Amino acid sequence: MQFFGGSEISPSPPVPTATGNNAHMMYVFNRNGVCLLYKEWNRPLHTLNPQQDHKLMFGLLFSLKSLTAKMDPINADKGNLGVPQLPGQGCSFHSFRTNTYKLSFMETPSGIKIILVTHPKTGDLRESLKYIYGLYVEYVVKNPIYSPGSPIKSELFNTALDQYDCRYIRFWSSVAIAPRQGFIYRRRYTLRAIESQHCVFHYLRGESSQRDVSNCPYPRMIFPHEI
Amino acid sequence: MAPRSGDAIFSSIDRVNAELFTLTYGAIVRQLLTDLEEVEEVNKQLDQMGYNIGIRLIDEFLAKSGVSRCVDFKETADMIAKVLLFPPMFLGVTASVSSWDADGTCCSIVLEDSPLLYYCNVLSGFIRGALEMVSMKTEVTWTRDVLRGDDAYELQVKLLKQVAEEYPYKDDE
């Protein structure tokens, strides 16, 4: 049974139109893994219940951050893999792309993590994530009724997010990833690249016959100046 | 994106009249004194209030200033003194960092004048709260206080430990 979908050609995503939303989902986590906000604009497929979904997402990000920090080609000081890090320490990844969606991530030194899942051809969303962080500060942090660490129920924040999002284009996406057992993809979705601050990890799975035991994917690191 | 200077940030946020702020703060302290009667209790309350403010305001500071990460305590303390307290970012107080101890875990912040006048425990709670949200557990105490006859306000900020981010879920769940 093949886990990594290399042989099956996935259907290409429909061409985005000029109106509607580009973002499919958005998560906001705090440093303790509590999902402060989950917003969904377009998600046809739900594979897990919300709690499992949030845990999965948080676990995935935790692992990816750890990975990019340890594989950082520029920073000399790296701990051992698996050792917890201070938020903001080390080179953090800011997005990864598969053939059907792109996940953009931002973490602040105070541990607030903002995640946006969008169309794979979306550009760099770091400025957008910073803007959303600004919205969070305005509508959530400064709200005296909101207690830090609890899920966000602010109507104003939701409205502001919807309004901000209308600039993008509508599309759909879905994800099923197990963080601890390595990446197991549904057969149609293949990882393409993980972008961090200092480099991009490209992922390519070679074609081979099913009997080839040494068939293993190889990551190739590409530095920003090579692009 | 390079962090914006204090001036740029100050011009982008709404400002309150300093006297209004001082009078309001004075009114809060007075009410606390009436309710609690004991100075120690009042100071504890002020510290708690400052802490609650600090844990929220750190996000605003991070959003507005775009600072990504202070790697060590020294940088953080400099950031507090220069950007947070020094005009024109938040409080409009003239502050300077001094007296670093040998291993760089303890420093003093001297404030020349403070809009909070006496009963400045809010400030110490504020610094403690803000630093805790960036995973630094600190202890903040007042070493010099004009109320007690010294010439300036001096805060001592001592780093207890840096708390790394742990994976919050248990593996068997």
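A quick note: this is a predicted structure, and the numbers were derived from the prediction, not measured. (Residues numbered from 1 in each chain as written. Chains lettered and ligands numbered in written order. Predicted model: local features only at pLDDT ≥ 70, side-chain atom pairs only at ≥ 80, totals over all residues. Heavy atoms only, no water.)

*Asks:* I tried to follow the overall build of chain A on my own but got confused; where do I start?
*Replies:* Per the secondary structure count, chain A includes 3 helices and 8 strands. Secondary structure elements of chain A, listed N to C terminal, follow the sequence β-β-α-β-β-β-α-α-β-β-β. When the 227 residues of chain A are sorted by exposure, 47% land in the buried category. Long-range pairs, those at least 24 residues apart, make up 60% of the contacts in chain A with a sequence separation of at least 6. Looking at chain A as shown, the accessible area adds up to about 11800 Å², and 56% of this sits on carbon and sulfur atoms. (Helix = DSSP H or I, 4+ residues; strand = E, 2+ residues; numbered from the N terminus. Buried < 20%, exposed > 50% of the residue type's maximum accessible area, 1.4 Å probe, protein only. Contact = heavy atoms within 4.5 Å. Areas by Shrake-Rupley, 256 points an atom, 1.4 Å probe, with all protein chains shown as cover.)

*Asks:* What is the right way to look at the confidence of the model for chain B in this model?
*Replies:* Detailed reading of the predicted model is not advised wherever pLDDT is low. Residues and elements named next belong to chain B. Across chain B, pLDDT averages 71, with 61% of residues at or above 70. Across chain B, the secondary-structure element scoring lowest on mean pLDDT is helix 1 (residues 6-12), at 52, and the one scoring highest is helix 3 (residues 39-65), at 84. The ipTM assigned to the predicted complex is 0.74, against a pTM of 0.73. (pLDDT = per-residue confidence, 0-100.)

*Asks:* What is the right way to read a negative patch on the surface from this model?
*Replies:* A grouping of B:D35, B:E37, B:E38 and B:E40 is seen on the molecular surface, where their side chains present a negatively charged patch. The exposure class assigned to B:E40 is exposed, which follows from its relative accessible area of 53%. (Patch = residues over 30% accessible without salt bridge, like charges linked within 9 Å, V, L, I, M, F, W, Y side chains within 5 Å. Salt bridge = Lys/Arg side-chain N within 4 Å of Asp/Glu carboxyl O. Lys, Arg positive; Asp, Glu negative; His and termini not counted. Charge placed at Lys NZ, Arg CZ, Asp CG, Glu CD.)

*Asks:* Would you mind going over the environment of A:D53 with me for this structure?
*Replies:* All names here are of chain A. Among the secondary structure elements, D53 is positioned in helix 1 (residues 50-70). Of the residues examined, D53 reaches a relative accessible area of 6% and is grouped as buried. Distance in space between the C-alpha atoms of D53 and P144 is 29 Å, their sequence separation being 91 residues. Ignoring anything within four residues of it in the chain, the contact list for D53 reads Y27, Y38, R43 and L48.

*Asks:* Sorry, what's going on with the nonpolar core here?
*Replies:* Residues and elements named next belong to chain A. Counting 48 residues, the largest nonpolar core has M26, L116, Y133, Y136, I152 and F157 as the members making the most contacts within it. Among the elements that line this core, the one with the most residues is helix 2 (residues 126-141), at 8 residues. Dropping the residues within four chain positions of it, M26 is found in contact with L37, Y38, K39, W41, I115, L116, I132 and L161. (Core = buried A, V, L, I, M, F, W, Y, C linked by side-chain atoms within 4.5 Å.)

*Asks:* Would you explain the pairing of strand 6 (residues 191-196) of chain A in this entry?
*Replies:* Looking along a regular strand, one sees the side chains alternate between the two faces of the sheet. All names here are of chain A. Within strand 6, 5 of the 6 residues are buried, leaving the element largely enclosed by the surrounding structure. Of the strand pairs in this sheet, strand 3 (residues 93-98) and strand 6 are connected by 5 bridges, and their pairing is antiparallel. Within the sheet, the bridge partner assigned to F93 lies in strand 6 and is S196. (Pairing = 2+ DSSP bridges.)

*Asks:* Help me understand the environment of A:K39 in this model?
*Replies:* Residues and elements named next belong to chain A. Its location among the elements puts K39 in strand 2 (residues 35-40). A C-alpha to C-alpha distance of 9.6 Å links K39 and D162, two positions 123 residues apart in sequence. Beyond its immediate chain neighbours, meaning those up to four positions away, K39 contacts H24, M25, M26, N158, L161 and D162. In this structure the side chain of K39 is engaged in a polar contact, spanning 3.3 Å, whose partner is the side chain of D162. (Polar contact = N/O pair within 3.5 Å; in protein donor to acceptor, adjacent residues only side chain to side chain.)

*Asks:* Explain helix 5 (residues 121-133) of chain B here, please?
*Replies:* Every α-helix winds through 3.6 residues per turn, so residues three or four apart in the chain are directed the same way. Residue and element names in this part refer to chain B. Taking 1.5 Å as the rise per residue, helix 5 with 13 residues should run 18 Å; its terminal C-alpha atoms sit 19 Å apart, in good agreement. Across the 13 residues that make up helix 5, a large majority, 11, are buried. For helix 5, the complete set of buried residues consists of N121, V122, L123, S124, G125, F126, I127, G129, A130, L131 and M133. Positive backbone phi, at 60°, marks S135, one or two positions downstream of helix 5. (Expected span 1.5 Å × (residues − 1).)

*Asks:* So what exactly am I meant to see when it comes to the pairing of strand 4 (residues 102-107) of chain A here?
*Replies:* Residue and element names in this part refer to chain A. Counting buried positions along strand 4 yields 6 of 6 residues, so the element is predominantly enclosed. In strand 4, alternate side chains face the same way, and those of K102, S104 and M106 on one face and L103, F105 and E107 on the other are all buried. Across 3 bridges, strand 3 lies against strand 4 in antiparallel orientation. In the strand pairing of strand 4, F96 is matched with L103.

*Asks:* I would appreciate a short explanation of unusual backbone geometry in the present structure.
*Replies:* For residues other than glycine, phi is negative in most cases, and the peptide bonds are mostly trans. Residue and element names in this part refer to chain B. Even without a glycine there, the phi angle at E37 is positive, about 70°. You can see E37 is positioned in the loop between helix 2 (18-36) and helix 3. You will see that S135, though not glycine, has its phi angle at about 60°, which is positive.

*Asks:* Can you walk me through the pattern of salt bridges in this structure?
*Replies:* Two side chains that carry opposite charge are able to pair once their charged atoms sit near each other. All names here are of chain A. Here the structure, examined in full by the defined rule, presents 11 salt bridges over all chains. Among the salt bridges present, the one from D162 reaches K39, with a minimum N-O distance of 3.3 Å. Remark: K39 occurs in strand 2 and D162 occurs in helix 3 (residues 155-165); sequence separation between them is 123 residues. Among the residues examined, D162 registers a relative accessible area of 29% and is labelled partly exposed. A salt bridge links E107 to K113; its shortest N-O distance comes to 2.9 Å. Exposure remark for K113: the relative accessible area of 2% places this residue in the buried category. Residues joined in a network through salt bridges with shared partners are K65, E107 and K113.

*Asks:* Where do I start with the packing of helix 3 of chain B against helix 5 of chain B in this structure?
*Replies:* The description of two packed helices rests on the angle between their axes and on the distance between the axes. Residue and element names in this part refer to chain B. Close contact between helix 3 and helix 5 brings their axes to 6 Å; oriented N to C, the two are set at 40°. Of the possible angle classes, the one that applies to helix 3 and helix 5 is oblique. Helix 5 is crossed by helix 3, and the crossing has right-handed handedness. Facing helix 3, whose interface residues are N43, K44, L46, D47, G50, Y51, I53, G54, I55, L57 and I58, helix 5 presents N121, V122, S124, G125, F126, R128, G129, A130, E132 and M133. (Axes fitted to C-alpha atoms, helices over the stretch in contact; angles between N-to-C directions. Parallel < 35°, antiparallel > 145°, perpendicular 65-115°, else oblique. Left-handed = near helix turned anticlockwise from the far one by under 90°.)

*Asks:* Would you take a moment to explain the packing of helix 2 of chain A against helix 3 of chain A for this structure?
*Replies:* Residue and element names in this part refer to chain A. The N-to-C vectors of helix 2 and helix 3 enclose an angle of 155°; their axes lie 9 Å apart at closest approach. It follows that helix 2 is roughly antiparallel to helix 3 by the angle criterion. Crossing hand, helix 2 versus helix 3: right-handed. Judged by residue contacts, S128, Y131, I132, L135, Y136, Y139 and V140 of helix 2 engage L156, F157, A160, L161 and Y164 from helix 3. Taken together, the residues of the contact of helix 2 with helix 3 break down into 11 nonpolar, 1 polar and no charged. (Nonpolar A, V, L, I, M, F, W, Y, C, P; charged D, E, K, R; others polar.)

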